[in-house]
Amino acid sequence: MSSQNAGPAPRPEPQRRRRADAQRNYDLLVAAARDVFHNHGIDAPLDDIARQAGVGNATMYRHFPTRRELIIAVYSEEVAELSARSQSLLAENPPGDALFIWLQDFIAHVADKRELALSITDDRAGQRSALFDRWHTSMHTAASALLTRAQCAGTVRSDLDPSELLALANGIALTATGATQAERLVLLVRQGTDTPTAPDDNIR
């Protein structure tokens, strides 16, 4: 469809806070969609999602008029949880361990959830690009914080860049034949990025 005569894209309305019952239904639908997409693929019937969430189809379509919007909500939650995971690791684990535990989680995320993100193919008013930029920034921020802390503790070589680390992790996610091989490859990356005389990894 030509956009030659189209006017400017409408400005998004401010996000309204959902009522408690509406938020509950929204959360149930996203949780059900995560489970159904994981077990049956992204083309699974939406009716199955509504049924598992325990809500009617009308309620589901009120929250998510299209499959695309439901996929975006599910993937956004996955990214948010991975970002929150980095914060808990920063607070609770030794620097080197925190970095590579999170990388393992990131690799599992890419391997398991990549199909969700790639299914968002159309770029409506630049929304897809904006979403991917936001998700990428979130992952880069998490990796950077973990890497900086490990570098300050002297457990990881100082010339390593977060973008390089994420590129290595992406490569593992896309090529590893399973979780066991992915863990071995992450161990090899860790061994290759250790400083020659790393101090005690319990330094915070």
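Residues numbered from 1 in each chain as written. Predicted model: local features only at pLDDT ≥ 70, side-chain atom pairs only at ≥ 80, totals over all residues. Heavy atoms only, no water.

A. Quick peek at the packing of helix 5 (residues 95-118) against helix 7 (residues 162-175). Packing of helix 5 against helix 7 brings their axes to within 9 Å, and their N-to-C directions diverge by 50 degrees. With respect to helix 7, the element helix 5 is oriented oblique. Helix 7 is crossed by helix 5, and the crossing has right-handed handedness. Contacts between helix 5 and helix 7 involve Leu 99, Trp 102, Leu 103, Phe 106, Ile 107, Val 110, Ala 111 and Arg 114 on the former and, on the latter, Leu 165, Leu 166, Ala 169, Asn 170, Ile 172, Ala 173 and Leu 174. Each residue belonging to the contact of helix 5 with helix 7 can be placed in one class, and the counts come to 13 nonpolar, one polar and one charged. (Axes fitted to C-alpha atoms, helices over the stretch in contact; angles between N-to-C directions. Helix = DSSP H or I, 4+ residues; strand = E, 2+ residues; numbered from the N terminus. Parallel < 35°, antiparallel > 145°, perpendicular 65-115°, else oblique. Left-handed = near helix turned anticlockwise from the far one by under 90°. Contact = heavy atoms within 4.5 Å. Nonpolar A, V, L, I, M, F, W, Y, C, P; charged D, E, K, R; others polar.)

B. Structural context of helix 2 (residues 46-53). Within helix 2, the full set of buried residues consists of Leu 46, Ile 49, Ala 50 and Ala 53. End-on view of helix 2: buried residues confined to an arc of 95 degrees, all on one side of the axis. Close packing links the buried residues of helix 2 with helix 1 (20-40), helix 3 (57-63) and helix 4 (67-92). Gly 54, located one to two residues past helix 2, shows a positive phi value of around 80 degrees. (Buried < 20%, exposed > 50% of the residue type's maximum accessible area, 1.4 Å probe, protein only. Arc of directions from axis to C-beta.)

C. Expanded view of the nonpolar core. With 55 residues, the main nonpolar core has Phe 37, Ile 49, Leu 99, Trp 102 and Phe 106 as its most contacted residues. At the level of elements, helix 1, helix 2, helix 4, helix 5, helix 6 (127-152), helix 7 and helix 8 (179-193) are the ones that each hand at least two residues to this core. Here Phe 37 is in contact with Ile 42, Ile 49, Arg 67, Leu 70, Ile 71, Val 74 and Leu 116, once residues within four sequence places are set aside. (Core = buried A, V, L, I, M, F, W, Y, C linked by side-chain atoms within 4.5 Å.)

D. Region of the structure containing empty space enclosed by the protein. The final tally for this structure, using the stated rule, is one cavity of 30 Å³ or more. Approximately 40 Å³ is the volume found for the largest cavity. Taken together, Leu 103, Ile 107, Leu 165, Leu 168, Ala 169, Ile 172, Val 186 and Val 189 make up the full set of residues lining the largest cavity. In terms of residue count, the dominant contributor to the lining of the largest cavity is helix 7 (four residues). Among the residues forming the lining of the largest cavity, the class breakdown is eight nonpolar, no polar and no charged. (1 Å grid on protein atoms, 1.4 Å probe; cavity = no way out; pocket = protein on both sides within 12 Å on 5 of 7 lines; lining within 4 Å. Points joined across faces, edges and corners; volume = space filled by probe spheres on them.)

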